[in-house]
Amino acid sequence: MWTEPSGGPKPPVFEMPRFRKAITVSERQCFSPVVGIAMKGAMIVVAMAVGAAARSTSQQTGCATDLECSLNGKCVVWSGVCECDAPWTGPSCGVLKYKTTPISGKSLYPESDPHNTWNGAIIRGTDGVYHLYDPIYPPGSLGGTNTMLHGTSTNITGPYAWGVHPNITLTPTLGPFNGPKSVVFPDPETNRTMYSLWLGGGVYLASDPAGPFTKLEGFSYPGANPAPVWHDGAFYANYLTTIYTTPRLVSGAKWTEYGTVNRSTVPPDWLPEDPDMWVDPHGNWHIINHCYDNHEWENCSTSVLSSHFFSPDGKTWHFLNPPVQPYSHTVQYDDGSSHMFVTMERPNVFLDESGQVTHIHLAADLVTGDEGCGNDPKRQAHAHFGHVPCDNCKYDDHGGTTIIALDV
C-alpha cells in the first residue's frame, strides 16, 4: 500500500443527507431491511425482518450506525440507507466498484516471459513516475528468489518499462508469500519523505522512490506476509489476528500489541490471508484480504475471493454478517475485452496523496478460468477434499501482477 501520512478529525456520527447518485446493488447477496440492532463485543448482531415485506427491496440495509456501512460511508438514519464514499458501493458500502481498466493493467510484467511474478509494491514519485518493485520467480514457482525487478511507468496501469533501473538483490532468498509492501513516511528527525519496502522479514529504506534501497539491519516485523501502515507518528502492522505497533523504524525497535482483529463471525470455511491495511481520510481503519474456501473447485467465478475487516480505532475490529466480498473475479478492459481471474491474491490498495483509494493491484493466475482445475490428475499435489480448489490452480499456471482501476 502506497500512502502519505494521514489522519485528522473524524466526522460526526450523524449529518444531514448529501445528494448523490442512487446506490446500486453489486454485492453477491441481497440484504433485507434491518429492524433491530444490538452490539455484542466486536460483533454486530442484526435482527432481520422476515416475510415478503422484508424482501421488498435490496437497496436498503436499515442501517442505524456507520458500522453497518462498513465505515466506508454514512448511515442516513432517517432513511436507514448507507450513503457510500467512492469507490465503495452496495447496500452496506462493502464492495469496491470497478471501472474500465486499460488493457495494459491486465499483466504489469510481460506475459511472454514464463517467469512468475506475484504482485509487488507500487510507489509514486513526486515527479509523477510510478515505480513497481516486483520479485520474479522461476517458472513453476511462487517462491525462492534473490531478485526484485524495478519497473517504471508514467501511468499506474502501465505499461511498465523494465531494465531502466537496476534490480534489487535480496539477501537472504525471498521465500513465498512474504512481501513486498511499501510505506511512505516522514523522517522524524529531518521531516524528509522516506520510502520503505517490507519483505522477507526486513525493511529496505531509500530517500527516493527510484532507490537505491538499503536494508535496515537489526529490524524485523512480526510474523510474515506484512501489512504495514504509518499513522499519526507511529508504524502499525497486522499479522494474523493481531495489530502491532512500534514508534520508529530503527535497529532494535520493539513491537507491542495494539489491537485484535475479531474473526469470530467469519464463515467457518472462509480462510482470510494476505492482509493489506490502511487508514482512510476519516481516520477509520481497514483490512482487506484474499479469502478462499478449499471446498470450492468448479464454477470458480462464484468462488470466495476476498474479505474486509474495519475499525474506528485500529483496536476493535468488525466484519459484516452476512459477509460481503470487497473485490471480485471479473475485470473489464478498454479494448472491449474482459477477464475472469480464477484467483486474485495479495491485494494492495493504492492511495493518492489525499488518502483516496484509486486502484487495487493483486497477484493473479493468468491462465485458468471458470472451469477450475479440480480434477486435473497432474495437479493433485495441491488437492483438498478430493479436488484441487480454485485458488490452488496457480501452482501450475503462469502467475502475474494485475491492477484494477476503481470508480472514483
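One structure accompanies this document, and this report is about it. (Residues numbered from 1 in each chain as written. Predicted model: local features only at pLDDT ≥ 70, side-chain atom pairs only at ≥ 80, totals over all residues. Heavy atoms only, no water.)

The next subject is the overall build of the chain. Across its full length, the chain carries zero helices and 28 strands. The buried share among the 408 residues of the chain stands at 56%. Nonlocal contacts in the chain, meaning residues at least 24 apart in sequence, comprise 58% of its contacts between residues at least 6 apart. A total accessible area of about 16500 Å² is found for the chain, and carbon and sulfur atoms account for 54% of it. (Helix = DSSP H or I, 4+ residues; strand = E, 2+ residues; numbered from the N terminus. Buried < 20%, exposed > 50% of the residue type's maximum accessible area, 1.4 Å probe, protein only. Contact = heavy atoms within 4.5 Å. Areas by Shrake-Rupley, 256 points an atom, 1.4 Å probe, with all protein chains shown as cover.)

Let us now look at the pattern of salt bridges. Inspection of the entire model under this criterion finds 10 salt bridges. Across the pair Lys-97 and Asp-407 runs a salt bridge whose closest N-O atoms are separated by 3.3 Å. Pair noted here: Lys-97 is in the loop between β6 (95-96) and β7 (116-117) and Asp-407 is in the segment after β28 (399-405), with a separation of 310 residues, a long-range link. Here Asp-276 ties to Lys-181 by a salt bridge, and the two come within 3.4 Å at their closest N and O atoms. One end of the pair, Asp-276, is in strand β21 (residues 271-279); the other, Lys-181, is in strand β13 (residues 181-186), and 95 residues separate them in sequence. On the basis of relative accessibility, which here comes to 1%, the residue Asp-276 falls in the buried class. (Salt bridge = Lys/Arg side-chain N within 4 Å of Asp/Glu carboxyl O.)

Across the junction of Ala-86 and Pro-87, the peptide omega takes the value 5 degrees, indicating a cis bond. Turning to its location among the elements, Pro-87 is positioned in the loop between β4 (81-84) and β5 (88-89). With omega at 5 degrees, the peptide bond leading from Gly-158 into Pro-159 counts as cis. Positive phi is not limited to glycine here, since Arg-346 has a value of about 50 degrees. Looking at the element boundaries, Arg-346 is found in strand β26 (residues 344-351). A relative accessible area of 6% means that Arg-346 is categorised as buried. One non-glycine residue, Phe-385, lies in the positive phi region at around 55 degrees.

What follows concerns the side chain of Arg-379. In this structure, Arg-379 sits in the loop between β27 (357-365) and β28. When neighbours within four sequence positions are excluded, Arg-379 is seen to be in contact with Thr-368, Cys-373, Val-388, Cys-393, Asp-396 and Asp-397.

Inspection of every chain in the model, using the stated rule, returns five disulfides. If the cysteines joined by disulfides in the chain are listed in sequence order, their pairing comes out as 1-3, 2-4, 5-6, 7-9, 8-10. (Disulfide = S-S within 2.5 Å.)

The next subject is the sheet that holds β13. With respect to topology, four strands assemble into an open sheet ordered β13-β14-β15-β16, the strand pairing being antiparallel. Each of the sheet's edge strands pairs with one partner strand only, and the pair in question is β13 and β16 (214-215). (Pairing = 2+ DSSP bridges.)

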